[in-house]
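# Secondary and tertiary structure notes
One-letter residues, chain by chain:
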Amino acid sequence: MTSAKPAPITMLVPDFPFSYDEWLSHPAGLGTVPTERLGTRVAVIGGGMAGMTAAYELMRLGLRPIVYEAGQLGGRMRSVPFPGAPGVVAEMGAMRFPVSARSLFHYVDLLGLPTRPFPNPLAPGTPATVIHLGGERHHARTADDLPAAYQQVADAWEKVLTEHAELFTVSTAIRDRDVATLKSVWNRLVTELDDTSFWGFLSASPAFRSFRQREIFGQVGFGSGGWDTDFPNSVLEILRVVYTGADVDHVLIPGGCQQLPRGLWRHRPRGLAHWPHGTSLALLHGEAGPRPAVASMRRSEGGIEVRDVTGQGEVFQAVVCTPHVWTLLNRIRTDPALLTPAQWTAVERTHYMGSSKLFVLTDRPFWRDVDPATGHETMGMTLTDRLARGVYLFDDGPDEPGVMCLSYTWNDDSLKVATLSATERLEVLLARLADIYPGVDIRSHIVGDPVAVTWETEPAFMGAFRANLPGQYRYQRRLFTQFMQDPGGFYLCGDDVSWTAGFAEGAVTTALNAVWGVMHQLGGASPDDNPGPGDAFHRLAPVDLPYS
């Protein structure tokens with residue numbers, strides 16, 4: 001007899017371990033609203049993944065979502081096409097998705113979008129990885145090809161997770177969806193570690209007693225790359241990622257991940273309530289498409305008045321707000337009565353990570369050429385302690401154009417290039433990469449102009465994603481649980497409201513919280529055999545740390 005195959009790891013977040021993927025896939029559906037409420041207009045502010053998820057599911061319930069979007073549908077799922085290369089894109093925001101994100105993949109599968117492995121450092125599908133630290137370069141296909149110091153750091157990381165974060169117990173509970181064990185262990189860890197930074201967590205462990213070990217770990221890391229830009233953040237942020245497998249086994253969506261939110265906009269679901277067969281969000285909005293950016297929101301007789309930048313206003317019984325919460329402080333004139341004073345404090349205290357990227361199109365994937373002198377590929381996925389930090393290489397075959405992400409940086413490293421134009425960034429990066437790859441003429445293969453983004457300078461975003469600092473758990477709890485705190489028809493969602501900011505899974509799951517909230521507000525309910533997140537809230541609620 002062979003032993004049963006272990007259950008796959010999923011992004012069952014320990015703070016609120018509700019199985020959103022099972023709620024989505026249940027044949028009974030998410031729920032219903034009373035007949036007299038069918039067709040009710042609900043504002044959905046923001047057309048990113050959270051907005052599209054909320055709008056799509058509200059439409060399926062028989063409600064009339066009205067989407068507002070300041071730019072283009074997709075949010076940080078922004079796939080920029082290269083001129084003259086149809087289907088070849090630069091992923092300016094989201095670009096790699098953990099297979100453990102089962103709620104997100106509910107929609108990926110719904111639309112029939114293909115995926116393939118993402119070329120993370122040392123991933124099985126990555127042809128080559130180059131690590132360049134302190135002027136020394138190492139070429140590797142697997143971790144075994146690296147010097148012993150790197151393996152020692154990997155072992156230290158595994159040791160600290162096992163001995164001080166109960167990795168095996170928590171991971172097993174997530175695989176088995178053993179909520180009782182998961183909550184018991186995690187609630188205790190939250191109490192113990194809320195005031196601890198990632199750096200403090202590492203440096204307090206005997207396994208990381210050496211500064212050099214912490215430096216290597218920060219610059220190279222394991223899974224998706226280096227971790228040092230997260231060192232100031234709460235270690236709870238890191239543990240959630242590790243426990244749920246969100247740092248490994250990533251895939252990309254060929255042709256661009258923006259196909260996902262745009263696909264939900266056009267998709268015509270079966271089994272719609274109220275609306276005729278063939279209805280989509282695009283058809284409900286007509287040729288004009290989404291309404292423009294929201295300028296103001298205020299409580300009004302009969303609901304919440306939403307007014308867009310053209311001056312057009314409408315009063316809604318329910319509003320689902322998905323942008324970064326900082327937009328409520330500046331971009332959108334927001335009635336203070338829409339949130340409680342404690343929730344406004346949480347909005348003010350929200351901490352965002354910055355991030356920059358620069359992409360170029362190449363005539364072909366020249367980096368796969370083998371250097372006869374070394375027997376190695378000309379270039380590889382690169383991790384370095386110099387300005388570029390992370391270099392990612394993408395191709396669809398030897399005779400097709402290639403795409404190089406010449407730099408993917410965070411926080412201070414992102415700020416180093418924030419004032420440079422895309423062309424200026426390219427020049428600086430080519431000079432730095434010449435130190436790592438002497439004799440490799442990258443410039444000769446570049447086709448057209450570079451494309452770049454710095455998310456902290458994007459007006460509608462002001463950062464890449466939320467990342468809590470030590471001591472901010474209480475603030476995050478207020479934002480995540482806002483859909484249960486008598487929201488008065490106003491619902492926050494989006495990945496920065498979630499426990500897993502920076503992952504599209506968090507955008508999806510908090511959007512589903514908002515959908516449940518709107519349904520409940522309008523007198524609807526989930527089926528008895530498929531209770532929703534609000535129905536399970538009191539059993540699964542995040543631990544409430546004392547305030548005084």
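To be clear, the structure that these remarks concern was listed above.
For the structure given in this document, a descriptive report is provided here. It should be emphasised that the depicted structure is a prediction, and the values quoted were computed from it without experimental measurement. Per chain, residue numbering runs from 1 following the sequence as it is written. Two thresholds apply to this predicted model, a pLDDT of at least 70 for residue-level local features and 80 or more for giving and counting side-chain atom pairs, whereas whole-chain, interface and lining totals are computed over all residues. Just so you know, side-chain values use all the structure's heavy atoms and leave hydrogens and water out.

### Quick word on the overall build of the protein
Rules: In this description a helix means any DSSP run of H or I spanning at least four residues, a strand means any run of E spanning at least two, and both kinds are numbered starting from the N terminus. The quantity called the radius of gyration is restricted to C-alpha atoms. Its globule counterpart is 2.2 Å times the number of residues to the power 0.38. Per-residue accessibility, obtained with a 1.4 Å probe over protein chains only, is compared with the maximum for each type, and a residue is labelled buried under 20%, exposed over 50%, and partly exposed between these values. We call two residues in contact when some of their heavy atoms are within 4.5 Å.
Tallying secondary structure elements over the protein gives 17 helices and 22 strands in all. Against the compact-globule benchmark of 24 Å for 548 residues, the protein has a radius of gyration of 24 Å, which places it among compact chains. With respect to the three principal axes, the spread of C-alpha positions in the protein is 75 × 55 × 55 Å. Across the 548 residues that make up the protein, the buried fraction comes to 59%. Relative to all contacts within the protein whose residues are 6 or more apart in sequence, the contacts with residues 24 or more apart total 72%.

### Brief notes about the nonpolar core
Quick reminder of the rule: Residues belong to a common nonpolar core when they are buried Ala, Val, Leu, Ile, Met, Phe, Trp, Tyr or Cys residues joined through side-chain atoms within 4.5 Å.
One finds L104 and W157 to be the most contacted residues of the largest nonpolar core, which totals 135 residues. If you tally residues by element for this core, the top one is helix 16 (residues 504-521), at 10 residues. For W157, the residues in contact, after removing those within four places along its chain, are F198, L202, F208, F217, I238 and V242. With 24 residues, the next largest nonpolar core counts A43, I66, I332 and A346 among its residues.

### Focus: the packing of helix 5 (residues 167-176) against helix 6 (residues 179-193)
Note the following rule: Fitted lines through C-alpha atoms give the axes, limited to the stretch in contact for helices. The angle between two N-to-C directions lies from 0 to 180 degrees. By definition, turning the near helix anticlockwise from the far helix through less than a right angle yields a left-handed crossing, and turning it clockwise yields a right-handed one. In this count, Pro and Cys sit with the nonpolar residues alongside Ala, Val, Leu, Ile, Met, Phe, Trp and Tyr, while Asp, Glu, Lys and Arg are called charged and the others, Gly among them, polar.
It is the contact of helix 5 with helix 6, at a shortest axis distance of 8 Å, that shows an interaxial angle of 145°. Viewed along their axes, helix 5 and helix 6 form a crossing whose handedness is left-handed. Between helix 5, through T169, V170, A173 and I174, and helix 6, the contact on the second element is made entirely by T181, L182 and V185. Residue classes in the contact of helix 5 with helix 6 are distributed as 5 nonpolar, 2 polar and no charged.

### Observations regarding the sheet that holds strand 19 (residues 402-410)
Backbone hydrogen bonds hold the strands of a sheet together, and the pairing may be parallel or antiparallel. Quick reminder of the rule: DSSP calls a pair of strands paired once it identifies at least 2 bridges connecting them.
Reading across from one edge, 8-7-17-18-19-16-20 is the order of the 7 strands in this open sheet, with mixed pairing throughout. At either margin of the open sheet sits one strand with a lone partner, and together these are strand 8 (136-140) and strand 20 (446-454). When the angles between neighbouring strand axes are averaged without regard to direction, this sheet yields 15°.

### Examining the environment of T419
With respect to the secondary-structure elements, T419 resides in the loop between helix 13 (411-415) and helix 14 (422-436). On the accessibility criterion, T419 (72% relative accessible area) is exposed. Separated by 246 residues in sequence, T419 and A173 have C-alpha atoms that sit 46 Å apart.

### Considering the environment of G302
Here G302 is to be found in the loop between strand 10 (294-300) and strand 11 (303-308). The exposure class of G302 is exposed, given its relative accessible area of 60%. Separated by 263 residues in the primary sequence, G302 and G39 place their C-alpha atoms 16 Å from one another. Beyond its immediate sequence surroundings of up to four residues, G302 is in contact with V315, F316 and Q317.

### Structural notes on unusual backbone geometry
Located in the positive-phi region is M462, a residue other than glycine, with phi close to 65°. Note on placement: M462 falls in the loop between strand 20 and strand 21 (465-466). Positive phi, normally seen in glycine, also occurs at D486, with a value near 50°. Within the element layout of this structure, D486 appears in the loop between helix 15 (473-480) and strand 22 (490-492).

### Side note on the pairing of strand 19
A large share of strand 19 lies buried, amounting to 9 of its 9 residues. Pairing between strand 18 (residues 390-395) and strand 19: 4 bridges, direction antiparallel. Paired with Y392 across the bridge in strand 19 is C405. Taken together, strand 18 and the strand that follows it, strand 19, pair antiparallel across an intervening segment of 6 residues, in which G397 is found at a positive phi of about 130°.

### A look at the environment of H267
Spelled out, the test is: Polar contacts, as counted here, are pairs of nitrogen or oxygen atoms within 3.5 Å of one another; within protein the pair requires one atom able to donate a hydrogen and one able to accept it, and residues that are adjacent in sequence qualify only if both atoms are side-chain atoms.
Within the fold, H267 resides in the loop between helix 10 (259-266) and helix 11 (281-285). Between the C-alpha atoms of H267 and T322, which are 55 residues apart in sequence, the distance is 20 Å. With sequence-adjacent residues up to four places away left out, H267 is seen in contact with Y56, M59, L110, L111, T279 and S280. A distance of 2.8 Å separates polar atoms of two side chains, one belonging to H267 and the other to Y56.

### Observations concerning helix 15
Of all 8 residues making up helix 15, 6 are buried, and the element is well covered by its neighbours. Within the sequence span of helix 15, burial applies to Y473, Q476, R477, R478, L479 and F480.

### Digging into the sheet that holds strand 14 (residues 333-334)
Strand order across the open sheet formed by 4 strands is 12-11-10-14, with mixed pairing between neighbours. Where the open sheet ends on each side, the last strands, each with one partner, are strand 12 (313-316) and strand 14. Bridge analysis of strand 10 against strand 11 gives 6 bridges, and the strand direction is antiparallel. Looking across to strand 11, one finds that S300 is bridged to G303.

### Considering the packing of aromatic side chains
Going by this rule: Each pair of aromatic rings taken from Phe, Tyr and Trp, with Trp reduced to its six-membered ring, is defined by centres within 6.5 Å and is described as stacked if the planes are under 30 degrees apart, edge-to-face if over 60, and tilted in the remaining cases. Only Lys NZ and Arg CZ are tested; either one counts as a charge over a ring when it is within 6 Å of the ring centre and within 35 degrees of the ring normal.
All told, the structure shown has 30 aromatic pairs when counted by the stated rule. Centre to centre, the rings of F16 and F18 are 6.2 Å apart; their planes meet at 25°, and the pair counts as stacked. Here F16 and F18 have matching classes, each one buried. Their ring planes at 85° and their centres at 5.0 Å tell us that W455 and F461 sit as a pair that is edge-to-face. Note on accessibility: W455 and F461 belong to one class, buried. Aromatic ring contacts, followed pair by pair, group F16, F18, Y20, W23, Y473, F480, F483, W499, W516 and F537 into a single cluster. Of note, K357 hangs over the ring of Y408, and the distance from its end group to the ring centre comes to 4.5 Å.

### Describing the pattern of salt bridges
Opposite charge on two side chains allows them to pair when their charged atoms are near. The condition that has to hold: Salt bridges are identified by distance alone: a Lys or Arg side-chain nitrogen within 4 Å of an Asp or Glu carboxyl oxygen.
Enumeration over the complete set of coordinates arrives at 27 salt bridges. Here E237 ties to R240 by a salt bridge, and the two come within 2.8 Å at their closest N and O atoms. A residue pair is termed a helical-turn pair when its members lie 3 or 4 positions apart in one helix, as E237 and R240 do in helix 9 (residues 235-243) at 3 residues. Here R307 makes a salt bridge to E305, at a shortest N to O gap of 2.9 Å. Under the relative-accessibility criterion, R307 is labelled partly exposed at 30%.

### Description of helix 9
Among the 9 residues that make up helix 9, 9 are buried, leaving the element largely enclosed by the rest of the structure. For helix 9, every residue scored as buried is listed here: V235, L236, E237, I238, L239, R240, V241, V242 and Y243. Its buried side turned inward, helix 9 meets helix 4 (148-164), helix 5, helix 6, helix 7 (198-203), strand 21 and helix 15. Directly beyond the C-terminal end of helix 9, a positive phi value near 70° is found at G245.

Taken by themselves, the reported measurements are silent on function.
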